[in-house]
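What follows is the residue order along each chain.
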Amino acid sequence: MINTKFICKKCNKHFYLPDFYEENHELDSPPYERVSICPNCKSSNFIQCDALIEKTEVAERLLDAILLFNCFINEVKSVFGSNFKNENLFDGVGTLTDLICEMFEYLPQSIEQKILNLDKQKELEVILLYLKGEL
């Protein structure tokens, strides 16, 4: 399976293998320069990217976001009281938590709860160790 993907900056198309042409620079004989081009628009202005991303890398970024949101919620609660409710904010944290739980379907309920209520860096590190199978 090919993990490398290319994205053309001119036509915005994605492709796995570029086309090639030989640029002779008005020379009469080889060696000519071999140039990689987009198979769609023939532009050489494209970038390479990795088509596969490790789940734990995505989870780490999502956990960072959950941690920041939960810390913000705690700060707001310290100002407005523990009865503070904001459905959009709580639903957003819940959606991020659900996404992590769907990626790692083997998670026990206790870890799901820890993710949902994550508000300390040390807790984040423990959850990441669990997700990586190191705990």
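Residues numbered from 1 in each chain as written. Predicted model: local features only at pLDDT ≥ 70, side-chain atom pairs only at ≥ 80, totals over all residues. Heavy atoms only, no water.

(A) The arrangement of the overall build of the protein in detail. Scanning the protein from terminus to terminus reveals 4 helices and 5 strands. Mapped in sequence order, the helices and strands of the protein form the string β-β-β-β-β-α-α-α-α. A compact globule built from 135 residues would reach a C-alpha radius of gyration of about 14 Å, whereas the protein, at 24 Å, exceeds it by more than 25%. Taken along its principal axes, the extent of the C-alpha atoms in the protein is 80 × 35 × 20 Å. In the protein, the share of contacts with a sequence separation of at least 24, taken over all contacts with a separation of at least 6, comes to 52%. When the accessible surface of the protein is totalled, it reaches about 9600 Å², and 51% of it is carbon and sulfur. (Helix = DSSP H or I, 4+ residues; strand = E, 2+ residues; numbered from the N terminus. Rg over C-alpha atoms; globule rule 2.2 N^0.38 Å. Contact = heavy atoms within 4.5 Å. Areas by Shrake-Rupley, 256 points an atom, 1.4 Å probe, with all protein chains shown as cover.)

(B) Fine view of the pattern of salt bridges. As enumerated under the stated definition, the model contains 2 salt bridges in all. One salt bridge connects Asp19 with Lys42, and the closest N-O pair in it is separated by 3.2 Å. Of the two residues, Asp19 is situated in strand E3 (residues 19-23) and Lys42 in the loop between strand E4 (33-37) and strand E5 (46-50); the sequence distance between them amounts to 23 residues. In this structure Lys42 comes out as partly exposed when scored by relative accessible area, which is 48%. (Salt bridge = Lys/Arg side-chain N within 4 Å of Asp/Glu carboxyl O. Buried < 20%, exposed > 50% of the residue type's maximum accessible area, 1.4 Å probe, protein only.)

(C) Just the pairing of strand E1 (residues 4-8), in detail. As judged from the 5 bridges shared by E1 and E5, these two strands associate in the antiparallel manner. Looking across to E5, one finds that Thr4 is bridged to Asp50. Two strands pair when backbone bridges link them, and E1 and strand E2 (residues 14-15) are joined in this way by 2 bridges, in the antiparallel orientation. Across the sheet, the residue bridging to Ile7 is His14, located in E2. The antiparallel pairing of E1 with E2 creates a hairpin that spans 5 residues between the two strands, and Asn12 there sits at a positive phi of about 65°. (Pairing = 2+ DSSP bridges.)

(D) Representation of the packing of aromatic side chains in the model. Here the structure, examined in full by the defined rule, presents 5 aromatic pairs. Plain terms: the ring middles of Phe6 and Phe15 are 5.6 Å apart, the flat faces sit at 20° to each other, and that makes the pair stacked. Of the two residues, Phe6 and Phe15, neither departs from the other in class, the shared state being buried. Arranged with centres 5.3 Å apart and planes meeting at 75°, the rings of Phe15 and Phe46 form a pair that is edge-to-face. (Phe/Tyr/Trp six-rings, centres within 6.5 Å; stacked < 30°, edge-to-face > 60°.)

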